[in-house]
Every structure is written in structure tokens, then in C-alpha cells.
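Analysis of the macromolecular model
This is what each chain is made of:
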Amino acid sequence: MQIDSPLFDLDIIGTENTSVLKLNNTQMVCKGTREYCLSTREEILSNRGFTLPENWDLKWNFHTKSTWTPSQIGGTKLGCHLTPASYSLSTDESNPEDVTEWDDVTVNDIKFLPLSATTAPHEANEITTNSASFKGVQFDRTNDILKADDLADAGVFGSGTDRFLFYFFIKHTDTVTSGERYIFSSDTTRDWALAIDPTDIGGGTTNRAFHVYKNGSILLDTGMAHMAWSTGAYQIIGCGWQGQYEILKLNGGGNLGDESTISSINVAPAQDMFLGARQNALGGRLSGTQWGGTIYEMIYVRDHDAADTPTICEKIEGYLAHKYGQASLLPNTHTYKDHPPRGVT
């Protein structure tokens with residue numbers, strides 16, 4: 001006998017210290033720490049406590065709800081999503097690893113393109129997890145840059161909203177010692193931009209800050225060692241804006257809701273979006289602003305309900321951490337430290 005559909009849901013609900021394991025969303029199986037509930041669920045899955053007739057098929061489809069993905073944010077709220085599966089490589093045999101296009105997988109279908117053949121980034125080495133391997137788009141800190149097309153018509157990044165989030169899963173290879181380097185920038189005036197500063201927070205050489213720009217001025221300077229970037233590190237970085245509150249989060253920790261003295265944002269519908277450098281006044285790359293590193297995934301959320309911001313941030317962080325096998329980056333208190341988010345938003 002083949003069991004084609006799940007017989008039970010076993011869901012863990014709660015916090016790190018107090019969680020419950022529920023059967024079919026109605027019956028409580030146990031209560032305790034999340035770790036205790038996880039171990040109980042694992043014991044149930046491993047030791048069913050009964051035997052089946054010999055002629056039964058023992059293939060199980062045990063349902064713990066599907067892993068949450070950004071597509072479940074829904075509607076027009078997911079404005080852009082770049083994934084490891086959505087970029088294209090050159091058909092030129094002399095440059096087979098050049099990335100010629102990175103396509104947004106949402107209905108907006110935004111395309112990020114090199115300014116020319118000489119500015120194409122490259123396919124990065126794989127990051128391998130227990131269940132899969134992924135390649136990303138590598139920027140070499142010399143010429144590489146991608147630019148979003150046709151934003152004047154789409155207006156996706158310049159939506160006029162007072163709520164939006166950008167999230168990246170990245171790896172730094174940059175070894176610069178001076179000058180800001182831009183992971184992304186909305187245009188030459190930096191109405192919204194994320195940069196790294198090689199200046200050490202504490203005066204040394206290891207704790208270097210992220211900068212977020214808004215309307216051309218530094219909105220957030222991380223200023224804390226736990227918010228620093230470091231060469232060779234995988235990191236989950238999120239930044240955004242909500243009313244009069246800026247957001248900057250690194251690896252599931254950091255800032256979520258410090259009030260800014262800047263009360264409005266001016267990202268116009270016709271803005272360009274650059275990955276890997278800052279734009280110059282003529283629409284090209286501004287010399288000396290190129291970033292060195294790999295972007296594996298970018299997620300842009302807009303016009304979401306303000307009350308949903310903490311939940312969306314945590315789900316994106318959990319999704320990225322577990323997808324790329326980097327759950328160790330998340331703080332122990334993170335909702336999705338031990339398991340990826342499941343279900344719908």
C-alpha cells in the first residue's frame with residue numbers, strides 16, 4: 001500500500017524557550033523548549049511505535065509543511081527576486097563564465113544587464129550544503145557591474161512607498177583598504193544604497209562597517225563589531241525603510257526601527273539600480289566604487305504592512321540561512337535558528 005498523502009501535521013509553534021508540538025493543529029503532543037520539541041518530533045519520526053504488514057510500502061510522506069519561500073509574501077509585495085537559478089551565461093566560448101543577464105523571477109521580470117561585454121560579472125564557485133549546491137554572481141572589484149533595465153516604465157524600485165526591504169546573501173572577497181565600495185546603489189545620487197567601508201570600527205583591520213545611504217547621505221553607519229563585514233565571510237544583510245525608521249540587519253541581528261532625522265525618501269520611478277558599483281553622472285560606473293564579492297540571492301519587498309516587517313525579516317533570514325547551509329550565522333534567539341520557516345506568510 002502506498003501512502004500518497006500525509007496522515008499527520010507535526011508543527012512546532014512558539015519561541016526558543018517556550019514552544020509546543022501540535023498534531024494536526026489541534027492536539028498538543030508536548031510543551032517545552034524548542035530544542036525539546038524538535039527532539040520529540042524527531043523521535044516520533046524515527047520510532048513509529050508500531051509495525052505494518054509485510055506487504056505494505058514503507059515509503060512515508062510525513063508532512064511538516066513545506067518550506068517557506070519569498071514567493072509566499074504574495075501579491076505585488078515581492079518586487080524583485082534574483083536567485084542562483086535565474087542568471088544566464090555567455091554563449092561565447094572564450095568567456096563561458098560571463099554573466100550576461102540576471103532575471104527577476106517575479107511577475108515584474110526585471111532584467112539586470114552588464115553595461116558592456118567588458119563589465120560582465122562571472123559565475124562564482126559553488127557553495128555546497130547538505131542537500132544542494134549553488135553558484136552565484138561574482139563581482140571582481142575592477143569592471144564588473146549589472147544595471148536594471150527599464151525602471152522608468154516599471155517603477156518597481158521607485159514605488160513611492162514608505163516601506164521596503166532589500167535582503168542579500170553574499171560573500172565578500174574584497175580586500176580594499178580605502179574608499180567605499182557599493183554592493184548596490186539606486187543611482188548616482190545614492191537615493192538608496194548599501195556600501196562597505198574598509199575603515200575599521202575599532203581602529204584595527206577586522207571590524208569594518210556597512211553604510212546605508214538615503215537621499216545621498218549616510219543614514220546608517222553600523223558602528224558595531226557585530227555589524228561588520230569581513231573578507232571571505234558569508235553574510236545575510238538586510239536594509240530598508242519604514243516611515244521614519246531605518247532598518248539594517250546582519251545575520252539576523254542588528255537594527256530594526258531606530259528613528260531617523262530624515263522623514264521622507266526620494267527614490268523616483270525612473271531610478272536605475274546598479275549591482276556591484278555606484279553609477280556616475282553619465283550613467284556608467286563611478287570609478288573607485290566597485291565592490292568585490294559574490295551575490296547569491298537578492299530579495300526586494302515593498303508596500304507590505306508595517307506590522308509584518310519583523311516577521312518578514314525573520315522569515316527571509318531563516319530562508320536564506322537554511323537554504324545555503326549557514327544557520328550558524330543566526331543568533332541563538334532567532335525564531336528560525338534550528339529550522340527553516342514553514343507554511344505561508
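Residues numbered from 1 in each chain as written. Predicted model: local features only at pLDDT ≥ 70, side-chain atom pairs only at ≥ 80, totals over all residues. Heavy atoms only, no water.

1. A short note on the side chain of Glu317
You can see Glu317 is positioned in helix H3 (residues 309–323). Overall, the relative accessible area of 0% leaves Glu317 in the buried class. Within the structure, Glu317 has its side chain in polar contact with the side chain of Lys249 (distance 3.1 Å). Polar contacts involving the side chain of Glu317 include one to the side chain of His334, which spans 2.8 Å. Setting aside anything within four residues of it in sequence, one finds Glu317 in contact with Tyr167, Ile236, Lys249, Gly252, Leu330 and His334. (Helix = DSSP H or I, 4+ residues; strand = E, 2+ residues; numbered from the N terminus. Buried < 20%, exposed > 50% of the residue type's maximum accessible area, 1.4 Å probe, protein only. Polar contact = N/O pair within 3.5 Å; in protein donor to acceptor, adjacent residues only side chain to side chain. Contact = heavy atoms within 4.5 Å.)

2. Details of the pairing of strand S13 (residues 163–172)
Strand residues, when the strand is regular, have side chains that alternate between the two faces of the sheet. With eight of 10 residues buried, S13 lies mostly within the body of the structure. Where S13 and strand S19 (residues 234–242) come together, nine bridges link them in antiparallel fashion. Residue Arg163 lies in a different strand from S19, and its bridge partner there is Gln242. As paired elements, S13 and strand S23 (residues 292–302) share nine bridges and run antiparallel to each other. In the strand pairing of S23, Phe166 is matched with Tyr300. (Pairing = 2+ DSSP bridges.)

3. Here's the deal with the pairing of strand S20 (residues 245–250)
For S20, the buried fraction is high: five of the six residues fall into the buried class. Bridging between S19 and S20 involves six bridges; their strand directions are antiparallel. When the bridges of S20 are listed, Gly238 appears paired with Lys249.

4. Some thoughts on the pattern of salt bridges
Following the criterion strictly, the structure yields six salt bridges and no others. Put simply, Lys111 and Glu101 hold a salt bridge, and the shortest N to O gap is 3.6 Å. Here Lys111, found in strand S7 (residues 111–113), pairs with Glu101, found in strand S6 (residues 99–103); they are 10 residues apart in sequence, far enough to count as distant. Residue Glu101 is classed as partly exposed on the basis of its relative accessible area of 22%. Lys323 serves as the salt-bridge partner of Glu297, at 2.8 Å between the closest nitrogen and oxygen. One end of the pair, Glu297, is in strand S23; the other, Lys323, is in helix H3, and 26 residues separate them in sequence. The partly exposed category is assigned to Lys323, whose relative accessible area is 21%. Where salt bridges share partners, they join Glu101, Asp103, Asp109 and Lys111 into one cluster. (Salt bridge = Lys/Arg side-chain N within 4 Å of Asp/Glu carboxyl O.)

5. What about H3?
Compared with the 21 Å implied by 1.5 Å per residue over 15 residues, the 21 Å span of H3 between its first and last C-alpha is a close match. When H3 is considered as a whole, its buried residues turn out to be Thr309, Ile312, Cys313, Lys315, Ile316, Glu317, Gly318, Tyr319, Leu320 and Ala321. Count one or two residues on from H3 and you reach Gly325, which has phi positive near 65°. (Expected span 1.5 Å × (residues − 1).)

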